Amino acid sequence: MSQGIAKASNQSTTGALDAGPHAERLSNLLSAKRANCNREIGLDLFRDMTLGRRFEDKCAEMYYRGKMFGFVHLYNGQEAVSTGVIGAMKKKHDWFCSTYRDHVHALSAGVPAREVMSELFGKETGCSKGRGGSMHLFSKEHHLLGGYAFIGEGIPVALGAAFTSRYKKDALNDKSSDSVTAAFFGDGTCNNGQFFECLNMAQLWKLPIIFVVENNKWAIGMAHDRATSDPEIWRKAQAFGMKGEEVDGMDVLAVRGATERALQRARSGEGPTLLECLTYRFRGHSLADPDELREEKEKEFWSKRDPLKKLEKDLIESSLATKEELKAIEKEIDAEVIDSVEFALSAPDPNPEELNKYIWAEKD
Amino acid sequence: MAGTLLFNALREAIDEEMAKDSRVCVMGEDVGQYGGSYKVTKDLYEKYGELRVLDTPIAENSFTGMAVGAAMTGLRPIVEGMNMGFLLLAFNQISNNMGMLRYTSGGNFTIPTVVRGPGGVGRQLGAEHSQRLEAYFHAVPGIKIVACSTPTNAKGLMKAAIRDDNPVLFFEHVLLYNLNEELPKGDYICALDQADLVRKGKDITILTYSRMRHHCLKAISQLEIDGIDAELIDLISLKPFDMETIAKSIKKTHRVIIVEECMKTGGIGAELISLITEQCFDDLDSPPVRLSSQDIPTPYNGKLENLTIIQPHQIVDTAKKILNKGI
Ligand SMILES: Cc1ncc(C[n+]2csc(CCOP(=O)(O)OP(=O)(O)O)c2C)c(N)n1
Ligand SMILES: [Mg+2]
């Protein structure tokens, strides 16, 4: 019943019932405290989200033009999560761990678009030297622990980075060690043992980590509610005595607000947070996916909640920016993306003589 | 004789490296308060504290993955498999994350980790606790694989493994932990990639590793009585093989037997024999022979278990047959 009340008081319920249970959950979500925003923050967020969106659109184009290969998973629709979380963290200080859907996390973490695009083109100038590809973006410089292609395997790696942070502080007595790790993964991944094993260890040892679930309702063709006994993933934190929070993943300020709270807990030694972001991918699972299972009504519901449009509206309505200013940013970003493609096109392939390089650590 | 037991030699190695380098840490099931299932980390918890000697929940894939993340961000973890067989659950982490990540990341990250623990056919431990994972992991790129066989090389190899910037799979054998030996004085290491020429001989080369080294030694004393002078090489490094030492020996003896405890199919010897055929074919006077465990799950019954693995008399018989000395 309490759900019914929340729904009745929420304007955005329109169409939620026909759009399925995930949409209904979003409509019923009681909004948590959003992050404070000023002009500078707002424009930064807008820039990052626009870069994520435009970069991915360009990837689709390049894939269909035969410039990139393999499986390519795009992030369209989920930008508020990457930008909301990473934008609230300290670059080159905190650590970020991603999946195969990693282009935009890499960009948010500060990996230059040129390096990401060249990696997708398989070039030597790529952030993984053309050895990794779309699903394996890495940058030690930008504290990107990597894109991981197997479901769930990034979670323990992220836990390890959080362990190092605590180890430095408490075993090596470096009181300045306060880095936090964000581990990104999907709803489908939350049915995998590594998720539960790591929630347990993180809470047990109070590790500074944020488990960021990007619940986009689908795991390729498996709908979330067909795969899990309790679709409310954030509640699973309770079983471990951990703080869990659900948040509107289409609202960057809501995600940022929740991240700020999680960071506060992590940096003060209170340990991990499970943050479930309700979101949606606007494209198929990968560029090879015919996307035949998702209902039009569902897609419509979510595309009306496009996180970029929402931020744009927020910024204009609160007079933090004008439409013209935002248009100008979009133009800049388009130029940056085009530059990344030109850079990648003219960049060299890896040297065939270096086929065996990077197997072993180099002696220094 | 004073001497040091093999498990204590390993313990000394870990202790000394932990004392010298505060980034070195241990993680695994019961490594802390309990001191390790074979006491390899005894008292280190008291000495170094609960973070540096971390008792983990029973979650092999996740704590092995955690070691990878810790290594990527500056630590040098030693992961203990309570029994190496349990690390089948961490196959993904050992293969995808330890072995391949440096390459996949284009050299962004190194993974200085040691994964160690007891393996091999013990005393009637049953199939699951009697595994020889060195064979299963052999194809994984980017990991070094070593097997210790004496207290001296256990200590020296462990120290080298901890100092190495690559992931090292370190195999110990359940039946060797109580071997006793006087250790060299002071800080010494054994090269991870060098085979050990255990006994010089001129008639035939025997290649082996881990516990089978001791079966081979028994066989060699018998062969000596029978007038056969065998050369014994303990491979130590299962990946990569020290082909230089191996080829040199075959050039001298022209005959080779491989004695291994892993199963024959897809085993260590399978790869080794291929390399010998590729690189030493012209030096061979007879076909190389593999003496391996049966291709079966290790049975519980003691008699059947003994029949599963190679016994010294089989090594003797094979050597005589190859040398036409009659059995
Ligand atoms: C261990 C493993 N099993 C299966 C797959 C194939 N696979 C790739 S993505 C995916 C669905 C994952 O869904 P989710 O966790 O919700 O993430 P999303 O793709 O929605 O971002 C599956 C089954 C895989 N990559 N790894
Ligand atoms: Mg999903």
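Each chain has its residues counted from 1, running along the sequence as written. Throughout, the order in which chains and ligands are written sets their labels, letters from A for the former and numbers from 1 for the latter. Local features in this predicted model are restricted to residues of pLDDT 70 or higher, and side-chain atom pairs are both shown and tallied only at a pLDDT of 80 or more, whereas totals for entire chains, interfaces and linings draw on every residue.

### Describing the overall build of chain A
What counts here: Runs of E in the DSSP output that reach at least two residues are strands. Runs of H or I that reach at least four are helices, and both are numbered from the N terminus. In this description the radius of gyration comes from C-alpha coordinates, and the expected globular size is given by 2.2 Å times residues to the power 0.38. Put simply, a residue is buried when 20 or more other C-beta atoms lie within 10 Å of its own C-beta and exposed when 12 or fewer do; between those, it is partly exposed, and each C-beta is set from the backbone. For the purpose of contact definition, each residue receives a C-beta atom placed from its backbone, and two residues are in contact when these atoms lie within 7 Å.
Secondary structure summary: chain A contains 13 helices and eight strands in total. Taken against the 2.2 N^0.38 rule, which gives 21 Å for 364 residues, the C-alpha radius of gyration of chain A at 20 Å falls within 12% of a compact globule. Viewed in the frame of its principal axes, chain A has a C-alpha envelope of about 65 × 50 × 40 Å. Relative to its full complement of 364 residues, chain A shows a buried share of 54%. When contacts within chain A are restricted to residue pairs at least 6 apart in sequence, those whose partners lie at least 24 apart make up 75%.

### Quick word on the overall build of chain B
Of the regular secondary structure elements, chain B holds twelve helices and 14 strands. Its C-alpha radius of gyration of 20 Å places chain B within 12% of the 20 Å reference for a compact globule of 327 residues. In terms of overall dimensions, chain B has a C-alpha envelope of 60 × 45 × 40 Å along the principal axes. With 327 residues in all, chain B has 57% of them scored as buried.

### Digging into the domain arrangement of chain B
All names here are of chain B. Operational definition: Per the annotation, domain bounds derive from an automatic or database assignment of domains. Classification convention: Asp, Glu, Lys, Arg as charged; Ala, Val, Leu, Ile, Met, Phe, Trp, Tyr, Cys, Pro as nonpolar; all other residues, Gly among them, as polar.
For chain B, the assigned domains read domain 1 (4-181) and domain 2 (198-322). Taking only C-alpha atoms, the centre of domain 1 and the centre of domain 2 are 26 Å apart. Every element with two or more residues in the side of domain 1 that touches domain 2 is listed here: α6 (133-136), β6 (144-147) and β7 (168-173). When residues in the side of domain 1 that touches domain 2 are grouped by element, the largest group, four residues, is from β6. Here the side of domain 1 that touches domain 2 is composed, by residue class, of nine nonpolar, eight polar and three charged.

### Some details on the interface of chain A and chain B
Taken together, the contacts link 34 residues of chain A with 36 residues of chain B. Listing elements by their share of the side of chain A that touches chain B, those giving two or more residues are β2 (144-147), α7 (154-170) and α8 (193-204) of chain A. Split by residue class, the side of chain A that touches chain B holds 19 nonpolar, nine polar and six charged.

### Digging into the site of ligand 1
Residues and elements named next belong to chain A. Put simply, the rule reads: The criterion for a residue being near a molecule or strand is a backbone-placed C-beta atom within 6 Å of that molecule or strand.
Every one of the 15 residues lining ligand 1 counts as a neighbour, but Ile 151, Gly 186, Gly 188, Thr 189 and Ala 219 are closest to it. If you list the elements that add at least two residues to the shell around ligand 1, you get β3 (181-186) and β5 (218-219). Class assignment of the residues belonging to the shell around ligand 1 gives a composition of seven nonpolar, five polar and three charged.

### Focus: the nonpolar core
Rules: Each nonpolar core comprises buried Ala, Val, Leu, Ile, Met, Phe, Trp, Tyr and Cys residues, the members being joined through C-beta atoms within 7 Å.
The biggest cluster of nonpolar side chains holds 197 residues, and the ones touching the most others in it are A:Leu159, A:Ile209, A:Val212 and B:Val146. Two domains each put at least three residues into this core: domain 1 (4-181) and domain 2 (198-322) of chain B. Aside from chain neighbours lying at most four places away, what touches A:Leu159 is A:Cys198, A:Met201, A:Ala202, A:Leu207, A:Ile209, B:Met66 and B:Gly69.

### Details of the environment of B:Met158
Residues and elements named next belong to chain B. Mapped onto the elements of the fold, Met 158 is located in helix α7 (residues 151-163). Residue Met 158 is classed as buried on the basis of its 29 C-beta neighbours within 10 Å. Spatially, the C-alpha atoms of Met 158 and Val 79 are 12 Å apart, while their sequence positions differ by 79 residues.

### A closer look at helix α10 (residues 252-267) of chain A
Residues and elements named next belong to chain A. As a reminder of what qualifies: The span you would expect from a helix comes to 1.5 Å times its residue count less one.
Compared with the 22 Å implied by 1.5 Å per residue over 16 residues, the 22 Å span of α10 between its first and last C-alpha is a close match. Where burial is concerned, most of α10 is hidden: twelve out of the 16 residues are buried. Inspection of α10 places Val 252, Leu 253, Ala 254, Val 255, Arg 256, Gly 257, Ala 258, Thr 259, Arg 261, Ala 262, Leu 263 and Ala 266 among the buried residues, and these make up the whole buried set. Buried residues along α10 sit in contact with α3 (39-64), α4 (79-86), β4 (209-215), β7 (243-248), β8 (273-278) and α12 (307-317). Count one or two residues on from α10 and you reach Gly 269, which has phi positive near 85 degrees.

### Section: the pairing of β7(A)
All names here are of chain A. What counts here: Think of it this way: DSSP has to see at least two bridges between two strands before they count as a pair. Note on handedness: a crossover is taken as right-handed if, strands pointing away from the viewer, the path from the first strand over the helix to the second is clockwise.
Of the pairings in the sheet, the one linking β7 to β8 comprises six bridges and is parallel in character. Note on β8: the bridge partner recorded for Glu 246 is Glu 276. Where the polypeptide runs from β7 across α10 and back to β8, its parallel neighbour, the crossover connection is right-handed.

### Notes on the packing of α7(A) against α8(A)
Residue and element names in this part refer to chain A. Here is the rule: Angular values range over 0 to 180 degrees, each being the angle between N-to-C directions of two axes fitted as lines to C-alpha atoms, with helices fitted over their stretch in contact. Every angle not falling under 35 degrees, over 145, or within 65 to 115 is termed oblique; those three ranges are roughly parallel, roughly antiparallel and roughly perpendicular. Left-handed describes a crossing in which the near helix is turned anticlockwise from the far one by less than a right angle; the clockwise case is right-handed.
Contact pair α7 / α8: the axes reach a minimum separation of 9 Å and the direction vectors enclose 15 degrees. One element, α7, and the other, α8, form an angle in the roughly parallel class. The hand of the α7/α8 crossing is left-handed. Residue-level contacts link Ile 155, Pro 156, Leu 159 and Ala 162 of α7 to Gln 194, Phe 195, Cys 198, Met 201 and Ala 202 of α8. When the residues that make up the contact of α7 with α8 are grouped by side-chain class, the tally is eight nonpolar, one polar and no charged.

### Digging into the environment of B:Ser62
Secondary-structure assignment places B:Ser62 in helix α3 (residues 60-72). Classification of B:Ser62 by C-beta neighbours within 10 Å gives buried; the count is 30. Between the C-alpha atom of B:Ser62 and that of B:Ala90, which follows or precedes it by 28 residues, the distance is 7.6 Å. For B:Ser62, the contacting residues outside a window of four places in its chain are A:Pro156, A:Gln194, A:Glu197, A:Cys198 and A:Met201.

### Side note on the sheet that holds strand β14 (residues 289-293) of chain B
All names here are of chain B. If you walk across this open sheet you meet the five strands as β9-β11-β10-β13-β14, and the pairing is mixed. Looking at the sheet topology across the chains shown, the edges are occupied by β9 (196-199) and β14. Neighbouring strand axes in the sheet, compared pairwise and without regard to direction, differ in orientation by 25 degrees on average. Bridging between strand β10 (residues 204-208) and strand β11 (residues 230-234) involves five bridges; their strand directions are parallel. Across the sheet, Ile 204 pairs through a bridge with Ala 230, a residue of β11. With respect to the sheet, helix α8 (residues 212-225) is in contact with β9, β10, β11 and β13 (256-263), its orientation differing from that of β11 by roughly 170 degrees.

### Quick notes on the confidence of the model for chain A
We count it as follows: Values of pLDDT, the confidence the predictor places in each residue, fall between 0 and 100.
When pLDDT is averaged across chain A, the result is 95; 96% of the residues are at 70 or more. Predicted confidence for residues 1-13 of chain A stays below pLDDT 50, and this span has ten contacts to residues more than four positions away or in other chains.

### Quick look at the pairing of β4(A)
Residue and element names in this part refer to chain A. Burial analysis of β4 places seven of its seven residues in the buried class, the great majority of the element. Where β3 lies against β4, six bridges are found, and the strand directions are parallel. By the bridge assignment, Ala 182 is partnered in β4 with Ile 210. For β4 and β8, the ladder comprises six bridges, and the chain directions are parallel. Directly across from Val 212, in β8, lies its bridge partner Leu 275.

### Topic: unusual backbone geometry
Each neighbour pair has its own omega, and for B:Lys239 with B:Pro240 the value is -5 degrees, a cis peptide bond. Its place among the elements puts B:Pro240 in the loop between β12 (237-239) and α9 (243-253). A positive phi angle, near 80 degrees, is found at A:Tyr358, a position not held by glycine. Tracing the chain through its elements places A:Tyr358 in the segment after α13 (323-346). For B:Asp43, which is not glycine, the phi dihedral falls at a positive 70 degrees. Its location among the elements puts B:Asp43 in the loop between β2 (24-28) and α2 (44-48).

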